Amino acid sequence: MQQEIRYDDRIVRQFLIAMVLWAGVAFLVGIWVALQLANWKFNFDLEWFTFGRLRPLHTNAAIFAFAGNAIFAGIYYSTQRLLKTRMASDFLSQFHFWGWQLIIVAAALTLPLGITQSKEYAELEWPIDIAITIVWVVFGVNLFWTIARRREKHLYVAIWFYIATVITVALLHVVNSIEIPVGLFKSYPIWAGIQDALVQWWYGHNAVAFFLTTPFLGLMYYFMPKAAQRPVYSYRLSIVHFWALVFIYIWSGPHHLLNSAMPDWAQTLGMIFSLMLWAPSWGGMINGLLTLRGAWDKLRTDPVIKFLVGSVTFYGMSTFEGPILSIKSVNALAHFNDWIIAHVHGGALGWNGFLSFGMLYYLLPRLWNTQLYSKKLAEYHFWFGLLGILIYYISMWSAGITQGLMWMAINDQGQLIYPDFVETVNRIIPLYWVRVIGGTLYMIGFLIMVYNMIKTIQNRGTLEDEKAMVPTFVSLEPSPQESTHRRLEGLGTAFSVLVFIAVFVGSVISIYPVLNIHRYVPVTVSVEPYSPLELLGRDIYIKEGCYVCHSQMVRHLDFDVIRFGNPSKVEESMYDRPFQWGSKRTGPDLARVGKKYPDLWHYRHMINPRDIVTDSLMPSYPWLAEKKAEYDQLPKRLRVMKSLGVPYSEETVEKATEIARKDAQAIAQSLRDQGVTDDNLAEKEIIPLIAYLQALGHKVKGNPNVSLSK
Amino acid sequence: MSRFLSNYSDTTVTLIGFVIFFTLFVLIVMRTYSKSQKSVYQRLAQLPLDEVKNSQKEDAP
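If you're wondering where the values come from, they're calculated on a predicted model, not measured in any experiment.

Participant: Describe the overall build of chain B, and please don't skip the residues or the numbers.
Facilitator: The helix and strand tally for chain B stands at 4 helices and 0 strands. Reading the helices (α) and strands (β) of chain B from amino to carboxyl end gives α-α-α-α. Going through the 61 residues of chain B one by one, you find that 26% of them count as buried. For chain B, the exposed surface amounts to about 4,200 Å²; the carbon and sulfur share of it is 66%.

Participant: Can you break down the overall build of chain A residue by residue, with the values?
Facilitator: Secondary structure assignment for chain A yields 27 helices and 6 strands. Taking 710 residues into account, the globule formula puts the C-alpha radius of gyration at 27 Å, and chain A, at 26 Å, falls close to it. Considered along the principal axes of its C-alpha atoms, chain A spans approximately 90 × 50 × 50 Å. Across the 710 residues in chain A, those meeting the buried criterion constitute 66%. Sequence separation of at least 24 residues holds for 82% of the intrachain contacts in chain A that already meet a minimum separation of 6.

Participant: Give a detailed account of the nonpolar core, specifying residues and quantitative values.
Facilitator: Residues and elements named next belong to chain A. Counting residues in each nonpolar core, the largest one holds 187 residues, and the members touching the most others are Phe27, Tyr235 and Phe357. Looking at which domains feed residues into this core, each of domain 1 (2-510) and domain 2 (530-701) supplies at least three. Counting residues in hydrophobic clusters, the runner-up holds 47 residues, among them Cys546, Val653, Ala664 and Ile687.

Participant: An account of helix H8 (residues 235-249) of chain A is requested, with residue identities and associated values reported.
Facilitator: Here H8 of chain A contains 15 residues, and its C-alpha end-to-end distance of 21 Å stays within 8% of the 21 Å for a straight helix at 1.5 Å per residue. Here H8 of chain A lies mainly inside the structure; 14 of its 15 residues are buried.

Participant: Before we move on, can you summarise empty space enclosed by the protein with the specific residues and values?
Facilitator: Residue and element names in this part refer to chain A. Going through the model one piece at a time under the given rule, you end up with 7 cavities of 30 Å³ or more. Space inside the second largest cavity adds up to approximately 160 Å³. Lining the second largest cavity are 15 residues, with Gln552, Glu572, Ser573, Asp576 and Gly697 sitting closest to its centre. Across the lining of the second largest cavity, the residue classes break down as 6 nonpolar, 5 polar and 4 charged.

Participant: Kindly report on the pattern of salt bridges, identifying the contributing residues and their values.
Facilitator: Residue and element names in this part refer to chain A. Under the defined criterion, the tally for this structure stands at 28 salt bridges over all chains. A salt bridge links lysine 699 to glutamate 528; the shortest N-O distance between them is 3.5 Å. Of this pair, lysine 699 sits in the loop between helix H27 (686-695) and strand E6 (700-702) while glutamate 528 is found in the loop between strand E5 (525-527) and helix H21 (532-543), placing the two residues 171 residues apart along the sequence. Since its relative accessible area comes to 8%, lysine 699 is described here as buried. Assessed through its relative accessible area of 37%, glutamate 528 is described here as partly exposed. When salt bridges that share partners are traced, they join Glu47, Arg53, Glu544 and Lys627 into one network.

Participant: Quick one: what's the story with the packing of aromatic side chains, residue by residue and with numbers?
Facilitator: All names here are of chain A. Within this structure, the stated rule accounts for 67 aromatic pairs over all chains. Seen from their ring centres, phenylalanine 27 and phenylalanine 66 are 5.4 Å apart, and the 70 degrees between their planes marks the pair as edge-to-face. Placement of phenylalanine 27 in helix H1 (residues 10-38) and of phenylalanine 66 in helix H2 (residues 51-83) is noted, with a sequence separation of 39 residues between them. Accessibility classification places phenylalanine 27 together with phenylalanine 66 in one group, the buried group. When the ring of phenylalanine 307 is compared with that of phenylalanine 357, the centres are 6.1 Å apart and the planes differ by 75 degrees; the resulting orientation is edge-to-face. Taken together, the positions of phenylalanine 307 in helix H12 (residues 303-325) and phenylalanine 357 in helix H14 (residues 338-367) put the pair 50 residues apart, joining distant regions of the chain. Overall, phenylalanine 307 belongs to the buried group, its relative accessible area being 0%. Using a relative accessible area of 0% as the deciding quantity, one classes phenylalanine 357 as buried.

Participant: Give a description of the domain arrangement of chain A that names residues and reports values.
Facilitator: All names here are of chain A. Its domain assignment divides chain A into domain 1 (2-510) and domain 2 (530-701). The centre of domain 1, based on its C-alpha atoms, is set 35 Å off from the matching centre of domain 2. Summing the contributions of domain 1 and of domain 2, the shared interface buries around 5,000 Å²; its carbon and sulfur component is 66%. There are 4 salt bridges connecting domain 1 and domain 2. Ionic pairing is found between lysine 584 and aspartate 338, a salt bridge with its closest N-O pair at 3.7 Å.

Participant: Describe the packing of helix H6 (residues 193-211) of chain A against helix H7 (residues 214-228) of chain A, and please don't skip the residues or the numbers.
Facilitator: Residues and elements named next belong to chain A. Relative to each other, H6 and H7 sit at 15 degrees, their axes nearing to 4 Å. What the angle tells us is that H6 and H7 run roughly parallel. Contacts from Ala209, Phe210 and Phe211 in H6 reach Thr214, Pro215 and Phe216 in H7.

Participant: Break down the confidence of the model for chain A for me, citing the residues and quoting the values.
Facilitator: Overall, the predicted model of chain A reaches an average pLDDT of 93, with 95% of residues at or above 70. Here residues 704-710 of chain A is modelled with pLDDT under 50, and outside its nearest four sequence neighbours on either side it reaches 20 contacts, counting other chains as well.

Participant: For the side chain of threonine 168 of chain A, give the residues involved together with the corresponding values.
Facilitator: Residue and element names in this part refer to chain A. Considering the arrangement of structural elements, one finds threonine 168 in helix H5 (residues 157-176). The exposure class of threonine 168 is buried, given its relative accessible area of 0%. Sequence-distant contacts of threonine 168, that is, excluding residues within four places in its chain, are made with Phe210, Ile250 and Val503.

Participant: Residue-level account of the packing of H21 of chain A against helix H24 (residues 634-643) of chain A, with values.
Facilitator: Residue and element names in this part refer to chain A. Closest axis-to-axis distance for the H21/H24 pair is 11 Å, and the angle between their directions is 95 degrees. The orientation of H21 with respect to H24, classified from their angle, is roughly perpendicular. In this structure, H21 uses Pro532, Leu535, Leu536 and Asp539 to contact H24, whose residues at the interface are Leu634, Arg637, Leu638 and Met641. Broken down by class, the residue content of the contact of H21 with H24 amounts to 6 nonpolar, no polar and 2 charged.

Participant: Quick one: what's the story with the environment of leucine 634 of chain A, residue by residue and with numbers?
Facilitator: Residues and elements named next belong to chain A. Here leucine 634 is to be found in helix H24. Owing to a relative accessible area of 0%, leucine 634 belongs among the buried residues under this scheme. For the pair formed by leucine 634 and leucine 535, sequence separation is 99 residues and the distance between their alpha carbons is 8.4 Å. Not counting chain neighbours up to four residues away, the residues in contact with leucine 634 comprise Pro532, Leu536, Ala656, Thr657 and Ala660.

Participant: Which residues make up the layout of surface pockets, and what values do they have?
Facilitator: All names here are of chain A. For the second largest pocket, the calculated volume is near 890 Å³. Contributing to the lining of the second largest pocket are 39 residues, with His550, Gly587, Pro588, Leu590 and His605 lying nearest its centre. Of all the secondary-structure elements, those providing two or more residues to the lining of the second largest pocket are H1, H2, helix H16 (421-426), helix H22 (558-564) and helix H23 (599-607). Sorting elements by how many residues they give to the lining of the second largest pocket places H23 first, with 4 residues. The residue inventory of the lining of the second largest pocket, partitioned by class, reads 24 nonpolar, 10 polar and 5 charged. Three or more residues apiece are contributed to the lining of the second largest pocket by two domains, here domain 1 (2-510) and domain 2 (530-701).

Participant: Can you tell me about H27 of chain A, naming the residues and giving the values?
Facilitator: Residue and element names in this part refer to chain A. Burial of H27 is extensive: 10 of the 10 residues sit out of reach of the surface. Among the residues of H27, those classed as buried are Ile686, Ile687, Pro688, Leu689, Ile690, Ala691, Tyr692, Leu693, Gln694 and Ala695. On the buried face of H27, the contacting elements are H21, H23 and helix H26 (656-673).

Calculation rules
- Residues numbered from 1 in each chain as written.
- Chains lettered and ligands numbered in written order.
- Predicted model: local features only at pLDDT ≥ 70, side-chain atom pairs only at ≥ 80, totals over all residues.
- Heavy atoms only, no water.
- Helix = DSSP H or I, 4+ residues; strand = E, 2+ residues; numbered from the N terminus.
- Buried < 20%, exposed > 50% of the residue type's maximum accessible area, 1.4 Å probe, protein only.
- Areas by Shrake-Rupley, 256 points an atom, 1.4 Å probe, with all protein chains shown as cover.
- Rg over C-alpha atoms; globule rule 2.2 N^0.38 Å.
- Contact = heavy atoms within 4.5 Å.
- Core = buried A, V, L, I, M, F, W, Y, C linked by side-chain atoms within 4.5 Å.
- Domains from an automatic or database assignment.
- Expected span 1.5 Å × (residues − 1).
- 1 Å grid on protein atoms, 1.4 Å probe; cavity = no way out; pocket = protein on both sides within 12 Å on 5 of 7 lines; lining within 4 Å.
- Points joined across faces, edges and corners; volume = space filled by probe spheres on them.
- Nonpolar A, V, L, I, M, F, W, Y, C, P; charged D, E, K, R; others polar.
- Salt bridge = Lys/Arg side-chain N within 4 Å of Asp/Glu carboxyl O.
- Phe/Tyr/Trp six-rings, centres within 6.5 Å; stacked < 30°, edge-to-face > 60°.
- Buried area = accessible area lost by both parts, 1.4 Å probe.
- Axes fitted to C-alpha atoms, helices over the stretch in contact; angles between N-to-C directions.
- Parallel < 35°, antiparallel > 145°, perpendicular 65-115°, else oblique.
- pLDDT = per-residue confidence, 0-100.

Written as structure tokens, this is what we have:
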């Protein structure tokens, strides 16, 4: 018995349009921040538009707004057709759509205002974190409910990838976002220092894995066969690909912390599992490309195939490069510079971008009941995009390796050949301009697509949900003749539990010991917590997004030690909520900057960095000398820190504002003595920030030769 | 627990973990690639293409 149903195509159209809108924002802000790195004047001396605040906006817009909406469009379209049923609840679909857009708007408003947790790709503050959790649960409920109501017994491999995405992203987001609010727009994470670093990069790496990889692989396994009109090359390979990828990916987070104060075993674990990722990643890539066997001629004529093949090729390149970058010796060269930026954009623009565009060109005529306005324009889009990515990638690859080698260069006397950090930055500025050209070409291709899309939609036919004939009833019970895996893939719940176990085991083994490091490593040093004024300054440092350009992690590498000072130790950041180890050095490391320069140096450097370092790229921060610091918030903030284990006395908590103001007066007076004219200087944000910078590297007491690091 | 954690990076534990996971992986691969499953997986691979038969618009534009 068959019955007629209609798929919910409206929700797919909504997510597609949102994808295109937010892609425009992500790319535009991307070009803007690229310009800021080529010339500091593009910061416009306005606090809302500095690189430190816009860069998180760019990454969040690219990942969660552009790629996020693309994923949801593809999932809603393919899930209904693979399960032969309409989504279980139109209300939940709409709730998901509007909730997600609201979250994006909230991010777009709060990040430029400096409301941030400073945890990469998890910058949004706690009210938005809660909203993300609710919307994600709604999405998950709708998906699993649809799976339960399906009219196709077996779950195609694409659905497995969607299930893994929903489960793992929920786990990652919740664990990484456990924070204690200290106000409507401010919170402190419960994790501190090394624990926060490991949890953050367990999240950060797996956000790439389970937000930018597994759902897109699901889309690849659906749209590649559809576009080629051929089944996937090897369904068996897709099974091995799925389980190997889901199991291995989750362990690899520590490769973001190589050569740092992270325990060696964790670094080795991250490196080994990253190398193991080669196999499943390339298995998936080969499976995708070979799906075109016998249909390669379509590559010349079909823009959808062009984009999909380009996308899978970039996936192969990125997943080849990623494990190489995870080798400790290679990472010593690549980490903190633009090689990583090149790697990330190869994946984001090539893999995620091209797959999204291929999917859009496939869906446009089908969802708007018409023909694509111009295949020729789609071809232009492809070539502009490809050229843009290549120019971007090659320029940043060259910039990264150039700068990395300059950082490493030591002469026969054991001295740095390029001791001035700014010299290593200025050497690559021409390449930053080349990057702008690459990004602009990609943007031009995108605008051509938007024009093509608008013209296609203008010629639309009647918009109605697609009809399909599906079985009236399908038994979802396993039959005794079926093999284990075949039975399993017919059991959505059992399958989901296994996926959860796979990611949970890897997560626990790789992060649990570090979360309990205090239980098995004897503490031989004491660390002084930040004074109230320093804590206030630290919050300003976070607000301005300083971590985006400055690390606080001197690696256990000779050239790092010669340039910046003694290697960073775990205990130094034990009260750091959030940790500020950073991931990029557009400016120098700051872990040892405390007391290196006088207060006046910092004051002048903040107001106009070019007064101190002629060729500096850093934005000017004149508002720091104008805006009042939030002294009144300090007791509340210290109380939360105390509740999390920071050894503040009750008296310090209660008199935090008073203590901080007293310390601030001393700094302000010394600045006034040296000619700074502002009677109310102690109240300004710049004073706590100077206090914090001067404290960096000077908080450890006791025997510094015995370290928790080892 | 402290004793367990302090020996966490012990090579024996690592080796045991490796043997368990590698064995599991080999079993999955063997099961997946057993000849008896071939026809099943061929049918499953057709799932995205099956819809064409049931749908009105799939090939339209």
